[in-house]
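Fold and geometry: a report
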Amino acid sequence: VDATFLDVRTHGFARVAVCVPQGRVADPAFNAKAHLKVLEQVHAAGAHYALCPELGLSAYTCGDLFFQEPLLAGSLAALTEVARATAGWNLVLSVGLPLIVDDLLFNCAVTLYRGRVLAVAPKAHLPNYREFYEGRWFQPASAARATDVDVLGQRAPFGTDVLVDVPHLPGFVLHTEVCEDLWTPVPPSAIAALSGATVLANLSASNVTVGK
């Protein structure tokens, strides 16, 4: 049997992994290692794309610690570690962390491949009801002035309208959005699908409340 025939990619499929690593609040160094532990497993299992949680590198429930430079710098260092450790892998992955862009703080999804930043997607719709207080810490995507951003010494497109064409996966065109964005009347992913996206990824997480 031709080996290429046994490769699911030649039939228009991709193996996608949803990763749920262990997390510690405001401990990016630990969270980076936890992400890599799960990412190593899915890479070994043959995943082509791996999706990690919203704000996974900082943890979601950091409260006003999101205003602290050590947490933001630590989250960026964690992203650096994940990018370095996965640079030799044939695996596209998206991770979540808080990022400062033009002096504004955004809840972002960063997509990486072979150690390079392909795209950065800020959260467009911030939940600010019941147990959610994201409007206290983050700016919505509409507040962004930049359409590209420097991350890890690389320039990457920044916005909710970025599509990532993955050449080694035929037909794989990725769009990422963050949690609440999906629950709106017209999600960014809906526009992305109409614009040619074939894989819609949503990084999601939540805070801890009794009964959840």
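In the block above lies the structure referred to throughout.
Residues numbered from 1 in each chain as written. Predicted model: local features only at pLDDT ≥ 70, side-chain atom pairs only at ≥ 80, totals over all residues. Heavy atoms only, no water.

Here strand 4 (residues 104-113) lies mainly inside the structure; ten of its ten residues are buried. Burial of the side chains of strand 4 extends over both faces: L104, F106, C108, V110 and L112 are buried on one face and L105, N107, A109, T111 and Y113 on the other. In this sheet, strand 4 lies alongside strand 3 (residues 92-101) in antiparallel orientation, the contact comprising ten bridges. By the bridge assignment for strand 4, V101 is matched with L104. (Buried < 20%, exposed > 50% of the residue type's maximum accessible area, 1.4 Å probe, protein only. Helix = DSSP H or I, 4+ residues; strand = E, 2+ residues; numbered from the N terminus. Pairing = 2+ DSSP bridges.)

Taken together, three strands build an open sheet; the order of strands is 8-9-10 and the sheet is mixed. One side of each edge strand has no neighbouring strand; the edge strands of this open sheet are strand 8 (164-165) and strand 10 (199-203). Summarising the sheet, strand 9 (residues 173-178) and strand 10 pair through five bridges and their orientation is parallel. Looking at strand 10, one finds that L174 is bridged to V199.

Okay, the packing of aromatic side chains next. Per the counting criterion, the structure on display carries six aromatic pairs. Arranged with centres 5.7 Å apart and planes meeting at 50°, the rings of F66 and W137 form a pair that is tilted. Residue F66 is located in the loop between strand 2 (49-51) and helix 2 (69-85), and its partner W137 is located in helix 3 (residues 134-137); the two are separated by 71 residues in the primary sequence. Like W137, F66 is buried. Their ring planes at 75° and their centres at 5.5 Å tell us that F106 and F158 sit as a pair that is edge-to-face. On the criterion of sequence distance, the pair formed by F106 in strand 4 and F158 in the loop between strand 7 (154-157) and strand 8 is long-range, its members being 52 residues apart. Of the two residues examined, F106 and F158, each falls in the buried class. Members of the aromatic cluster, each reached through a chain of ring pairs, are F66, W137 and F138. Its guanidinium or amino end placed over the ring of F30, R24 lies 3.8 Å from that ring's centre, counting from NZ or CZ. (Phe/Tyr/Trp six-rings, centres within 6.5 Å; stacked < 30°, edge-to-face > 60°. Lys NZ or Arg CZ within 6 Å of the ring centre and 35° of its normal.)

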